Amino acid sequence: MSAIAEAVADGKLPGRVWMYADYHCNLACTYCLTESAPKSPHRVIGRERMLEIADEAAELGFTDLGVTGGEPFLLRWLPETLASMSERLPVLVLTNGTLFTRRLLASLAPLAHRDVAMQISLDRPDPDDNDEMRGKENFRKVVEAVPRLVDQGIEVRIATTVESIEDSELDRLCALHRELGIPDEDHIIRPIVRRGRAIDHDLGVVAQQIDVPAELTVTVDGAFWSPFGPTVHDGVVDTDLLITRTTRPLSTPANALLRLVGERPEGSDVSLNIR
Ligand code: SF4
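The structure presented is a predicted model; accordingly, all values stated were derived computationally and were not measured. (Residues numbered from 1 in each chain as written. Predicted model: local features only at pLDDT ≥ 70, side-chain atom pairs only at ≥ 80, totals over all residues.)

Concerning the site of the ligand
Note the cut-off: Proximity of a residue to a molecule or strand is defined by its backbone-placed C-beta atom lying within 6 Å of that partner. Side-chain classes are defined by residue name, with Ala, Val, Leu, Ile, Met, Phe, Trp, Tyr, Cys and Pro counting as nonpolar, Asp, Glu, Lys and Arg as charged, and the others, Gly among them, as polar.
In the vicinity of the ligand, the contacting residues are Cys25, Leu27, Ala28, Cys29, Cys32, Thr34, Ser36, Gly69, Gly70, Glu71 and Asn96. Within the shell around the ligand, the residues separate by chemical class into 5 nonpolar, 5 polar and 1 charged.

Considerations on the pairing of strand E5 (residues 155–162)
Filter applied, for reference: The rule for pairing is simple: two strands pair if DSSP sees at least two bridges between them. Put simply, DSSP marks the helices as runs of H or I at least four residues long and the strands as runs of E at least two long, and each gets a number from the N terminus on.
Sheet topology note: the strand E4 (residues 116–121)/E5 ladder contains 5 bridges and is parallel. Across the sheet, residue Ile120 finds its bridge partner in E5, namely Ile158. In this structure, E5 lies alongside strand E6 (residues 187–191), joined through 5 bridges in parallel fashion. The residue bridging Ala159 from the neighbouring strand is Ile188, located in E6.

Points about the pairing of strand E3 (residues 91–95)
Just so we agree on the cut-off: Put plainly, a residue is buried at 20 or more neighbouring C-beta atoms within 10 Å of its own, exposed at 12 or fewer, and partly exposed in between, counting only other residues' C-beta atoms, which are placed from the backbone. Handedness of a crossover is defined as follows: orient the strands so they point away from the viewer, and if the path from the first strand over the helix to the second runs clockwise, the crossover is right-handed.
Counting buried positions over the 5 residues of E3 gives 4, a clear majority of the element. Pairing of strand E2 (residues 64–68) with E3, which is carried by 3 bridges, proceeds in the parallel orientation. Within the sheet, the bridge partner assigned to Val67 lies in E3 and is Val93. In this fold, the crossover linking E2 to E3 by way of helix H3 (residues 78–85) has right-handed handedness. Two elements, E3 and E4, share 5 bridges in a ladder whose sense is parallel. Residue Leu92 lies in a different strand from E4, and its bridge partner there is Ala117. Crossover E3 to E4 through helix H4 (residues 102–107) is right-handed.

Observations regarding the nonpolar core
Going by this rule: Linking buried Ala, Val, Leu, Ile, Met, Phe, Trp, Tyr and Cys residues through C-beta atoms within 7 Å yields a set, and such a set is a nonpolar core. We call two residues in contact if the C-beta atoms placed from their backbones are at most 7 Å apart.
If you look at the biggest cluster of nonpolar residues, it comprises 56 residues, and the most contacted ones within it are Val17, Met19, Ala21, Ile53, Val67, Leu82 and Val146. With 5 residues, helix H6 (residues 138–151) is the single largest residue contributor to this core. Setting aside chain neighbours within four positions, we find Ile53 in contact with Val17, Met19, Val218 and Leu250. If you look at the next biggest cluster of nonpolar residues, it comprises 11 residues, including Tyr31, Met133, Val212 and Phe228.

Looking at the sheet that holds E2
Counted only if it meets this: Angles here are taken between N-to-C directions and fall from 0 to 180 degrees, while the axes themselves are lines fitted to C-alpha atoms, restricted in helices to the stretch in contact.
Spatially, 9 strands are ordered E6-E5-E4-E3-E2-E1-E7-E8-E11 in an open sheet, and the strand pairing comes out mixed. Two strands in the sheet have a free side with no partner beyond their single neighbour: E6 and strand E11 (242–244). If you compare each strand with its neighbour and ignore which way they point, the axes differ by 25 degrees on average. Contacting strand E1 (16–20), E2 and strand E7 (217–219), helix H2 (residues 47–60) crosses the sheet at an angle of about 170 degrees to E1. Sitting on the sheet, H3 is in contact with E2, E3 and E4, with an inclination near 155 degrees to E3.

Structural notes on helix H5 (residues 127–134)
Heads up, the condition is: The arc refers to the directions leading from the helix axis to the C-beta atoms.
Taken together, the buried positions of H5 are occupied by Asn130, Met133 and Arg134. One face of H5 carries all of its buried residues, which in axial projection span an arc of 95 degrees. Residues of H5 that are buried in the fold lie against H6. Taken from the residues just after H5, Gly135 is the one with a positive phi, measuring 110 degrees.

Details of the environment of Ala109
Relative to the elements of secondary structure, Ala109 occurs in the loop between H4 and E4. Residue Ala109 is classed as exposed on the basis of its C-beta count, with 12 C-beta atoms lying within 10 Å.

As for unusual backbone geometry
Here the amide bond leading from Gly69 into Gly70 is cis, since omega sits at 20 degrees, within 30 degrees of zero. Note on placement: Gly70 falls in the loop between E2 and H3. Residue Pro249 is reached from Arg248 by a cis peptide bond, and omega for that bond is -10 degrees. Mapped onto the elements, Pro249 comes out in the loop between E11 and helix H9 (251–262). Here Glu35, not a glycine, exhibits a phi torsion of approximately 50 degrees, which is positive. One can find Glu35 in the loop between E1 and H2. By the C-beta count within 10 Å, which is 22 here, Glu35 ends up buried. With a phi angle near 55 degrees, His113 is a residue other than glycine that sits in the positive phi range. For His113, the position within the fold is in the loop between H4 and E4.

Given below as structure tokens:
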């Protein structure tokens, strides 16, 4: 068994390897970690590279894959690629859930009943409050898309990203996700992280290396400690959580991450529940 596989099996290293599929997005949310917007530089990692990372992650002993961006579903080839990746390891893909037109839904057919789950953002139970930070029509598009995806046999999780939320508002949000077919165990609530555009809007909690799990994250710029690492501010990629510029072979950043995890003081654990 490789050192990576052993560390993952012992729970010393998280099992998921993340990749940033792109950095552009059809939205421009107030708290976006990557300052994504329609005109952001795309910085697409590429279909072949994603498949290569999936292969290498499986060989090294990682157990799961994660895909984020930007908005990954702006890449037309993504559904087929996710289906191929899921033949190696289970995949979680983060999406804003607003692009699922009938045409895109039809292209998701290869993902039905596969090991591919989608994590879709929904922050508030009221359309106006939700759309204030995420943009017009976001709420409507998401609540329309979720049951359609569920009907298509695709596993969906809901992610709520907020500074704070009143109990009564949370109760209504939970009633809504249950109505959409998403059980409580597939609803996560997480804080806004003070990186990217959140800094300019004076939002969120500061997250340092110790605060977030050591989930190997690969981008076109290198490998990072966490998907909260390769964020963008003032158009520049943050490097405070950069591990290596080299990402080939994947064992190079994976072993560097393992060394860094080993250097953590005994008994230390992440202090923010960010997923
Ligand atoms: S937070 Fe997500 S949906 Fe919003 S602009 Fe950033 S990448 Fe797009």
